[in-house]
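Summary of the model geometry
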Amino acid sequence: MTSETAAHEAHSLRLSEIFGPTVQGEGALIGQPTVFVRTGGCGYRCRWCDTPFAVLPEYRDQWQAWEPEAVLDEVDRLAGAPVLVTLSGGDPALQELGPLIRPGHERGHTFALETQASVSQSWFADLDHLTLSPKGPSSGHLTSLGEIEACLDASGAEPRTVFKVVIMNDPDFDYAAELAANYRDYPFYLQVGNPVPEGEPEPDELMRRYRWLVERCLSERWYAPTILPQLHVLAWGNARGV
Ligand code: SF4
């Protein structure tokens, strides 16, 4: 590799896909039109991950290097107007996204990012929306409070920051409740987990799980969180690119 090539790659982003506009199917921005920019690579291997094509090294040859300006040109082409850009993954916090966000604001776009909160970045402070989505026991990982604190410190007062926790079972619920007790000043979103992240999910089963989560919350008299299903899974199943 020449030094010129190395420098070029150092400034480019490793992306799994760019698609949209569609609607955000989860969390605080649910239902909002958005273009997704999905990075490749993640430090976790959650058991129920629904984007293995953006996580596992065997898909790495499908990921492409994009210059930040080219990403913004593609967002402009897809959306045709200023739009909410959702930075997702994989874990988008693994990459240097400041050079995408700052010029993107100049083009009128707003930026939301979701991360499991295991890696903090100074450019979190440039975001409009930050969703910290620490993983509970069913994932096979546990995000530490120290890592979460580092993300909150990095984001400062700028982005609207919320927590979102995927709930597959009772231990996940308990994990979310403990987390919420630590971070009472932040909005919490509980999202019912999809037990069939590949193939066709069964809508009745997803809604049964949603009812269980609502009932569990109400029976605990925990009224602060917003409890949501994955809207895009109900609308489109596990299809990619919608
Ligand atoms: Fe998948 Fe997210 Fe877990 Fe990474 S953190 S493995 S992208 S669910």
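In the block above lies the structure referred to throughout.
Summarised in this report is the structure supplied together with it. Computed from a prediction, not measured in an experiment: that's the story for all the values here. (Residues numbered from 1 in each chain as written. Predicted model: local features only at pLDDT ≥ 70, side-chain atom pairs only at ≥ 80, totals over all residues. Heavy atoms only, no water.)

Considerations on the overall build of the chain
- When helices and strands are tallied, the chain shows 7 helices and 9 strands.
- Expected size for 242 residues packed as a compact globule is a radius of gyration near 18 Å; at 18 Å, the chain falls within 12% of this value.
- For the C-alpha atoms alone, the extent of the chain along its principal axes is close to 60 × 40 × 35 Å.
- Counting all 242 residues of the chain, 50% fall into the buried class.
- Long-range pairs, those at least 24 residues apart, make up 70% of the contacts in the chain with a sequence separation of at least 6.
- As displayed, the chain has an accessible area near 11300 Å², and 50% of this comes from carbon and sulfur atoms.
- Side chains of the chain give 18 positive and 34 negative charges; the mean places of these two sets differ by 5 Å. (Helix = DSSP H or I, 4+ residues; strand = E, 2+ residues; numbered from the N terminus. Rg over C-alpha atoms; globule rule 2.2 N^0.38 Å. Buried < 20%, exposed > 50% of the residue type's maximum accessible area, 1.4 Å probe, protein only. Contact = heavy atoms within 4.5 Å. Areas by Shrake-Rupley, 256 points an atom, 1.4 Å probe, with all protein chains shown as cover. Lys, Arg positive; Asp, Glu negative; His and termini not counted. Charge placed at Lys NZ, Arg CZ, Asp CG, Glu CD.)

Considering the site of the ligand
- In the neighbourhood of the ligand, the contacting residues comprise Cys42, Tyr44, Arg45, Cys46, Cys49, Thr51, Val55, Gly90, Gln116 and Lys135.
- Here the shell around the ligand is built from residues that sort into 5 nonpolar, 3 polar and 2 charged. (Near = heavy atom within 4 Å. Nonpolar A, V, L, I, M, F, W, Y, C, P; charged D, E, K, R; others polar.)

Observations concerning the pairing of strand S6 (residues 129-132)
- Taken together, the 4 bridges between strand S5 (residues 110-115) and S6 define a ladder with parallel strand orientation. Bridge pairing in S6 links Glu114 to Thr131.
- Relative to strand S7 (residues 160-167), S6 runs parallel, the two being bridged by 4 bridges. Each bridged residue has a counterpart across the sheet, and for Leu132 the counterpart in S7 is Phe163.
- Once you follow S6 into helix H4 (residues 145-155) and on to S7, the crossover reads as right-handed. (Pairing = 2+ DSSP bridges. Right-handed = clockwise from strand over helix to strand, strands pointing away.)

Quick look at the environment of Phe163
- By the secondary structure assignment, Phe163 is in strand S7.
- Residue Phe163 is classed as buried on the basis of its relative accessible area of 0%.
- Remark: the alpha-carbon pair of Phe163 and Thr143, spanning 20 residues in sequence, is separated by 13 Å.

Thoughts on the packing of helix H2 (residues 68-79) against helix H3 (residues 98-106)
- For the pair H2 and H3, interaxial distance at closest approach is 9 Å and the crossing angle is 45°. As far as their axial angle goes, H3 and H2 are oblique. In this structure, the crossing between H2 and H3 has a hand that is right-handed. From H2, Pro68, Glu69, Val71 and Leu72 reach across to H3, where they touch Pro99, Leu100, Pro103 and Gly104.
- Residues that form the contact of H2 with H3 fall into these classes: 6 nonpolar, 1 polar and 1 charged. (Axes fitted to C-alpha atoms, helices over the stretch in contact; angles between N-to-C directions. Parallel < 35°, antiparallel > 145°, perpendicular 65-115°, else oblique. Left-handed = near helix turned anticlockwise from the far one by under 90°.)

Remarks on the nonpolar core
- Within the largest apolar cluster, 43 residues are counted, with the highest numbers of intra-cluster contacts made by Leu87 and Leu190.
- Considering every element that reaches this core, the biggest residue donor is helix H5 (residues 170-182), with 5 residues.
- In this structure, Leu190 is in contact with Val165, Ile167, Phe173, Ala176, Leu213, Cys217, Trp222, Pro225, Thr226, Ile227 and Leu228, ignoring residues within four places of it in sequence.
- Core analysis: the next-biggest nonpolar cluster, separate from the first, contains 8 residues, Cys42, Tyr44, Trp48 and Cys49 among them. (Core = buried A, V, L, I, M, F, W, Y, C linked by side-chain atoms within 4.5 Å.)

Some points on the side chain of Thr115
- Following the sequence through the fold, Thr115 ends up in strand S5.
- Looking at Thr115, its side chain comes within polar contact range of the main-chain nitrogen of Ala117, at 3.2 Å.
- With near-sequence residues (within four places) excluded, Thr115 lies in contact with Asp91, Ala93, Phe124, Leu130, Thr131, Leu132 and Ser133. (Polar contact = N/O pair within 3.5 Å; in protein donor to acceptor, adjacent residues only side chain to side chain.)

Things to note about helix H6 (residues 203-219)
- Taking 1.5 Å as the rise per residue, H6 with 17 residues should run 24 Å; its terminal C-alpha atoms sit 24 Å apart, in good agreement.
- Looking only at H6, the buried set comprises Leu206, Arg209, Tyr210, Leu213, Arg216 and Cys217. Taken around the axis of H6, the buried residues stretch over an arc of 125°, which confines them to a single face. Seen from the buried face of H6, the exposed residues on the opposite side, beyond 90 degrees, are Asp204, Glu215 and Ser219.
- Contacts from the buried residues of H6 go to S7, H5, strand S8 (188-192), strand S9 (226-228) and helix H7 (231-236). (Expected span 1.5 Å × (residues − 1). Arc of directions from axis to C-beta.)

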